[in-house]
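Architecture at a glance
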Amino acid sequence: MTADFRALTPDDIAALRAIVGETAILYGDADRLAPYRSDESGHGHGANPDVVLKPCSTDQVSRIAAYCNRHRIPMTPRGAGSGLAGGAIPLYGGVVLSFERMSSILEIDVENMVAVVEPGVITNDLCQRVGEDGLFYAGYPMSVQSSSIGGNVACNAGGAKVIKYGATAAHVLGLEVVLASGEVLQLGGKRRKDSSGYSLLRLMVGSEGTLGLITKITLRLIPQPGPSADLLVPFRSTEDAVAAFPKAIMAAPDMPAAVEFIDRLSMCHAMAYMGTTIPLADNADAFLIIQVEAKDADALFDVYRPVGEACLEAGALEVYVADTLWASERIWGLRRNCLEALRVIDPTVEGGDFVVPSTAIPAMMTFIRALADEHGVEIPCAGHVADGNIHPHPLKPEDRSDDEWNGQRHELLSRIAMKAVEYGGAVSGEHGVGFLKNDILAQSKGDELRAMKAIKDALDPHGILNPGKLFSN
Ligand SMILES: Cc1cc2nc3c(=O)[nH]c(=O)nc-3n(C[C@H](O)[C@H](O)[C@H](O)COP(=O)(O)OP(=O)(O)OC[C@H]3O[C@@H](n4cnc5c(N)ncnc54)[C@H](O)[C@@H]3O)c2cc1C
């Protein structure tokens, strides 16, 4: 791989303009290019891209890739820019390839229960549309309203419902992918299984735009689940909460759809942000949100009752049940707004995304709290506890300068991630590596990284696809 790219010339701009057309190119206008230099990671790293291209077809994407490959021009694919690992940030300038105009739902095939979509579809739009046919797309993240399907596939996004339905990879049946050379591959399709050789389909999911440009996606759908209820369960300690949730899962007649964790600090900040309070907030150190589903409203009570009872037997301080949309929204609003609430206190807040076997979470929380005390910082944590995936968010103390804090925060997040690896975990559970975690990816993967690099070199020999991401070059 090489970071030895050629600067764009007026001839390049003319050639790229000829591919996408006058209205689908942003060039020379710093204000309009600026939104494409950052994402939701809160980082303003990187310069403006030289040019933003908004192709509307696979053919255009293929011609752009072939041109950039020939002329050693770096390309950064971009979905909706909601990423938290800096994946869509153009570290080397060059071309940002934005999929915002490739946003059509091409087909809902009810009989095969699949959807075929372009990558720029906002995930929630797909969820709404398939709901009209009584179907459900279960792979969505918490950022369902602000992320695109292409970005979800590129990061193998998770979310609250992974425990029951799986992460994005579990729902991807087919991909159309443009390689760096411009060659177009059709991987998988509407078929539900495939044992025919290496799964390049699976390789592309989670590759963060470093192996190919995803131009079409075939997704598995399932019938709409029945009505749901949400249980908000406060515990005196994280240990109690983490010990309780496997018992709650075992007690449930069906796998709960979600088991989320919020620690006391995150809950306090989320309540302040939402202008609300919840009972027992002062006595509890940890909270679970457990969502259960039933086939109809009459069956719902029989599904959540044993779950609630199991939590109480395991030491829950109380169990609050929300079985109306309004009450559920109030509970989920607290969880969904954890990050926004922290941004009020520290606008540059950045989070980790470690994943461990869920039994290691109490030890991880003990480690995080000791680290916070050692450095005199707050590190609120929330996440998808049933998946063992927690997001720690160190908050900048007032007495630290920006420079001092940038280094310290990175060190804190790195130490937490590497501790997770010691416990049999990994540095990212769902947000991906981008460039913010590529140093700890290298530390944690050892020999596996060499195999990953060999794949990258084979598919993108000039390293033009999303350079600086996953590998630090
Ligand atoms: C409030 C909030 C909550 C969030 N909750 C979750 C959550 O629950 N679970 C979770 O997993 N994530 C979550 N995220 C992170 C983020 O929403 C996901 O990573 C999402 O999948 C990114 O999608 P995007 O379309 O915004 O992609 P972008 O940020 O635009 O890009 C992300 C990566 O995908 C690549 N990419 C995008 N499109 C393509 C394409 N067509 N072909 C090839 N590569 C492509 C980019 O190069 C980049 O590396 C959250 C973010 C926020 C701000």
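Residues numbered from 1 in each chain as written. Predicted model: local features only at pLDDT ≥ 70, side-chain atom pairs only at ≥ 80, totals over all residues. Heavy atoms only, no water.

Section: the overall build of the chain
Scanning the chain from terminus to terminus reveals 16 helices and 17 strands. Over its C-alpha atoms the chain spans a radius of gyration of 23 Å, differing by no more than 12% from the 23 Å that the globule rule assigns to 473 residues. Referenced to the eigenvectors of the C-alpha coordinate spread, the extents of the chain come out at roughly 70 × 60 × 40 Å. Across the 473 residues in the chain, those meeting the buried criterion constitute 55%. Taking contacts inside the chain between residues at least 6 apart in sequence as the whole, the part at least 24 apart equals 73%. (Helix = DSSP H or I, 4+ residues; strand = E, 2+ residues; numbered from the N terminus. Rg over C-alpha atoms; globule rule 2.2 N^0.38 Å. Buried < 20%, exposed > 50% of the residue type's maximum accessible area, 1.4 Å probe, protein only. Contact = heavy atoms within 4.5 Å.)

A short note on the side chain of N156
Checked against the element boundaries, N156 lands in the loop between α5 (149-155) and α6 (162-165). Residue classification places N156 among the buried residues on the basis of a relative accessible area of 17%. At 3.4 Å, the side chain of N156 and the backbone nitrogen of T168 are in polar contact. Polar contacts involving the side chain of N156 include one to the main-chain amide nitrogen of A169, which spans 2.9 Å. (Polar contact = N/O pair within 3.5 Å; in protein donor to acceptor, adjacent residues only side chain to side chain.)

Quick word on the site of the ligand
P77, G79, S82, S143 and S148 are the nearest of the 35 residues found near the ligand. Interatomic distance of 2.8 Å between a backbone N/O atom of G83 and an oxygen atom of the ligand. Interatomic distance of 2.6 Å between a side-chain N/O atom of S143 and an oxygen atom of the ligand. Those elements that place two or more of their residues in the shell around the ligand are β3 (75-78), α5 and β10 (213-220). (Near = heavy atom within 4 Å.)

Let's talk about the pairing of strand β16 (residues 381-384)
Each regular strand shows side chains that alternate between the opposite faces of the sheet. As judged from the 2 bridges shared by strand β13 (residues 258-263) and β16, these two strands associate in the antiparallel manner. Residue pairing across strands places I262 opposite A382, the latter belonging to β16. Sheet topology note: the β16/strand β17 (residues 389-392) ladder contains 4 bridges and is antiparallel. Following the sheet pairing, A382 is matched in β17 by H391. (Pairing = 2+ DSSP bridges.)

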